[in-house]
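Reading the structure
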Amino acid sequence: MPTQLPADAPPGPPRVSPLYDPRFRGAAYQILLLVAVGGVAWIAIGNAAENLRNARVASGFGFLNNTAGFDVNQTVIPFAAATSTYGTAFLVGLTNTLMVAAIGIVLATLLGFVVGVARLSPNWIVRTLATVYVEVLRNIPLLLQLLFWYVAVLASLPGARDSYALGTSVFLNQRGLYLPKPLLAADAWALPIALVLGIVGTLVFRAHAKREQARTGRRLPVPAVGLALILGLPLLTYGVLALMGIAPVALDYPVKGTFNLRGGMQLYPEFVALVLGLTVYTAAFIAEVVRAGIQAVNKGQTEAARALGLQPGPTMRLVVIPQAMRVIVPPLTSQFLNLTKNSSLAVAIGYPDLVQVFMGTVLNQTGQAVEVVAITMAVYLTISLVTAFAMNLYNRRVALIER
């Protein structure tokens, strides 16, 4: 006979011991894991502090306020060996790393998209050249490519006396690329304001064009108007200032002397080699990401566009690429992160990035390895998280919305 429940038994499922409740056990296991990880971290920190005390090594971040006493040849921000601190040296390395990463990401993305589309070209020569580019460059270690650009290509250039003249004001030699240097006057603040207004105007017009196309089907010339606003407003501002007798921007041209070049702006060979190496290497991987994204789009989309009379170029730009972006963006984010982290190989060719300046010179002079390594790891982690966050926001915009 089945067991009879008491008449006053509460309704609902029978009570189960917490040991057999999956939610309780899951929470308990997570708490135990956190306690174990915290204990290991506590023991590791205690051992590190004890070893530092026994070795008479100072701890803390006060060393960032001490005078550096060394010089850095490539800086975006002012830096002087006699007056700048280790904190400023950290900022110099950080800005150099961010500059290389930003330039490399832009160039690698453009080159990767071109090569990725060329991989699917009906032209056999273009398709084969793109395939050879991808298969060769992505299978050669990046460090070897950096050394190739720095030693085999740039180091073989002539000296300053025999510089290659690329036009009347651009020179190339072993010491780098010399370009005209823009000198901004006190009244040059109007130019960046005009540029910002041009960008804002382009975004506003682009939003208006989308609404107009959705309402009437008419496509407005967004690229032409955007180009006119972004370039036209600064040029118009420059012309107005020039008519008023104000020269907001002047150019300092490099001049070839007897033994060296004077004036202008110098792009050092370490910087050029690093940007070239990161660009051509990462572009090979981005090209495969683009090729896979394009092939993921149903061929019926291309056939429908052709049936409507679209040419191959507009079909790729207006139909295929927008749909392929939802497949391209996630792995493209990984390539951006890889490029940023791979920039730490700059130490091999002497470019003063964060690793070379901070984890190299600063660590050797101060001996505070724990603090220096912790700051460097936190910086790369922050850069990666910010990049991933920005790309995830963009990925939401291009993602396929299902009803």
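Residues numbered from 1 in each chain as written. Predicted model: local features only at pLDDT ≥ 70, side-chain atom pairs only at ≥ 80, totals over all residues. Heavy atoms only, no water.

1. Points about the overall build of the chain
- What the chain contains, in helices and strands, is eleven helices and eight strands.
- Taking 2.2 N^0.38 as the reference for a compact globule, 403 residues should give roughly 22 Å; the C-alpha atoms of the chain span a radius of gyration of 29 Å, well beyond that estimate.
- Along the first, second and third principal axes, the C-alpha atoms of the chain reach 110 × 80 × 50 Å.
- In the chain, buried positions account for 32% of the 403 residues.
- Taking the contacts inside the chain whose residues are at least 6 apart along the sequence as the reference set, 67% of them involve residues at least 24 apart.
- Accessible surface, the chain: about 24800 Å² in total, of which carbon and sulfur atoms supply 67%.
- Positive and negative side-chain charges in the chain, numbering 28 and 15 respectively, have mean positions lying 10 Å apart. (Helix = DSSP H or I, 4+ residues; strand = E, 2+ residues; numbered from the N terminus. Rg over C-alpha atoms; globule rule 2.2 N^0.38 Å. Buried < 20%, exposed > 50% of the residue type's maximum accessible area, 1.4 Å probe, protein only. Contact = heavy atoms within 4.5 Å. Areas by Shrake-Rupley, 256 points an atom, 1.4 Å probe, with all protein chains shown as cover. Lys, Arg positive; Asp, Glu negative; His and termini not counted. Charge placed at Lys NZ, Arg CZ, Asp CG, Glu CD.)

2. As for the UniProt feature "domain: ABC transmembrane type-1" (unreviewed entry) in the chain
- Look at the UniProt record and you will see "domain: ABC transmembrane type-1" (unreviewed entry) annotated at residues 94-391.
- Counting secondary structure, residues 94-391 comes out at 68% helix and 8% strand; the distance between its end C-alpha atoms is 21 Å. (UniProt positions renumbered as here; feature names shortened; annotations may be inferred.)

3. A closer look at the packing of aromatic side chains
- Inspection of every chain in the model, using the stated rule, returns seven aromatic pairs.
- In this structure an aromatic cluster arises from ring pairing among Phe63, Phe70, Phe79 and Tyr86. (Phe/Tyr/Trp six-rings, centres within 6.5 Å; stacked < 30°, edge-to-face > 60°.)

4. A short note on the layout of surface pockets
- Roughly 960 Å³ of internal volume is contained in the largest pocket.
- Taken together, 18 residues form the lining of the largest pocket, with Arg206, Lys210, Arg317, Leu318 and Pro322 sitting closest to its centre.
- Those elements giving two or more residues to the lining of the largest pocket turn out to be helix H5 (190-216), helix H6 (222-243), helix H9 (312-342) and helix H11 (369-398).
- Sort the elements by how many residues they give to the lining of the largest pocket and H9 lands first, with seven residues.
- Its residues assigned to classes, the lining of the largest pocket shows eleven nonpolar, two polar and five charged.
- As a volume, the second largest pocket reaches approximately 450 Å³.
- If you trace the second largest pocket, you find 16 residues lining it, with Ile294, Thr302, Arg306, Met316 and Val320 closest to the centre.
- Among the secondary structure elements, those contributing two or more residues to the lining of the second largest pocket are helix H7 (269-295), helix H8 (299-307) and H9.
- Grouping the amino acids of the lining of the second largest pocket by side-chain chemistry returns eight nonpolar, five polar and three charged. (1 Å grid on protein atoms, 1.4 Å probe; cavity = no way out; pocket = protein on both sides within 12 Å on 5 of 7 lines; lining within 4 Å. Points joined across faces, edges and corners; volume = space filled by probe spheres on them. Nonpolar A, V, L, I, M, F, W, Y, C, P; charged D, E, K, R; others polar.)

5. A look at the packing of H7 against H9
- Between H7 and H9, whose axes approach to 8 Å, the crossing angle comes to 145 degrees. Classified by chirality, the crossing of H9 by H7 is right-handed. Here Leu278, Tyr281, Thr282, Phe285, Ile286, Val289, Val290, Gly293 and Ile294 of H7 come into contact with H9, specifically with Met316, Val320, Ile321, Ala324, Val327, Ile328, Pro331, Leu332, Gln335, Phe336, Leu339 and Asn342.
- Tallied by class, residues from the contact of H7 with H9 come to 17 nonpolar, four polar and no charged. (Axes fitted to C-alpha atoms, helices over the stretch in contact; angles between N-to-C directions. Left-handed = near helix turned anticlockwise from the far one by under 90°.)

6. A short note on the UniProt feature "transmembrane region" (unreviewed entry) in the chain
- UniProt tags residues 27-45, 98-120, 140-160, 188-205, 226-251, 271-290, 345-363 and 369-394 as "transmembrane region" (unreviewed entry).
- Taken end to end, residues 98-120 is 91% helix and 0% strand, and its first and last C-alpha atoms sit 33 Å apart.
- As annotated, residues 345-363 has a helix share of 53% and a strand share of 0%, and its two end C-alpha atoms lie 17 Å apart.

7. A closer look at the nonpolar core
- Counting residues in each nonpolar core, the largest one holds 33 residues, and the members touching the most others are Leu274, Met325 and Ile328.
- Contributions of two or more residues to this core are made by helix H2 (86-118), helix H4 (142-154), H7, H9 and H11.
- Not counting the four nearest positions on each side in its chain, Ile328 is found in contact with Phe113, Val289, Val290 and Gly293.
- Formed by 21 residues, the second largest nonpolar core is a distinct cluster that contains Tyr86, Val362, Val379 and Ile383. (Core = buried A, V, L, I, M, F, W, Y, C linked by side-chain atoms within 4.5 Å.)

8. Re the pairing of strand S3 (residues 176-179)
- One ladder, built from three bridges, connects strand S2 (residues 171-173) with S3; its direction is antiparallel. Counted as the bridge partner of Asn173 is Gly176 from S3.
- Connecting the antiparallel pair S2 and S3 is a turn made up of two residues.
- Bridge analysis of S3 against strand S8 (residues 265-267) gives three bridges, and the strand direction is antiparallel. In the sheet register, Leu177 faces S8, and the bridge partner there is Leu267. (Pairing = 2+ DSSP bridges.)

9. What about the environment of Asn342?
- Relative to the helices and strands, Asn342 resides in helix H9.
- In this structure the C-alpha to C-alpha distance between Asn342 and Leu274, which are 68 residues apart in sequence, comes to 9.9 Å.
- The contacts of Asn342, once residues within four sequence positions are left out, are Leu142, Leu278 and Tyr281.

10. What about the sheet that holds S2?
- Spatial strand order, S1-S2-S3-S8: four strands in an open sheet with antiparallel pairing. Of all the strands in the sheet, just strand S1 (164-165) and S8 have a single pairing partner and so form its edges.

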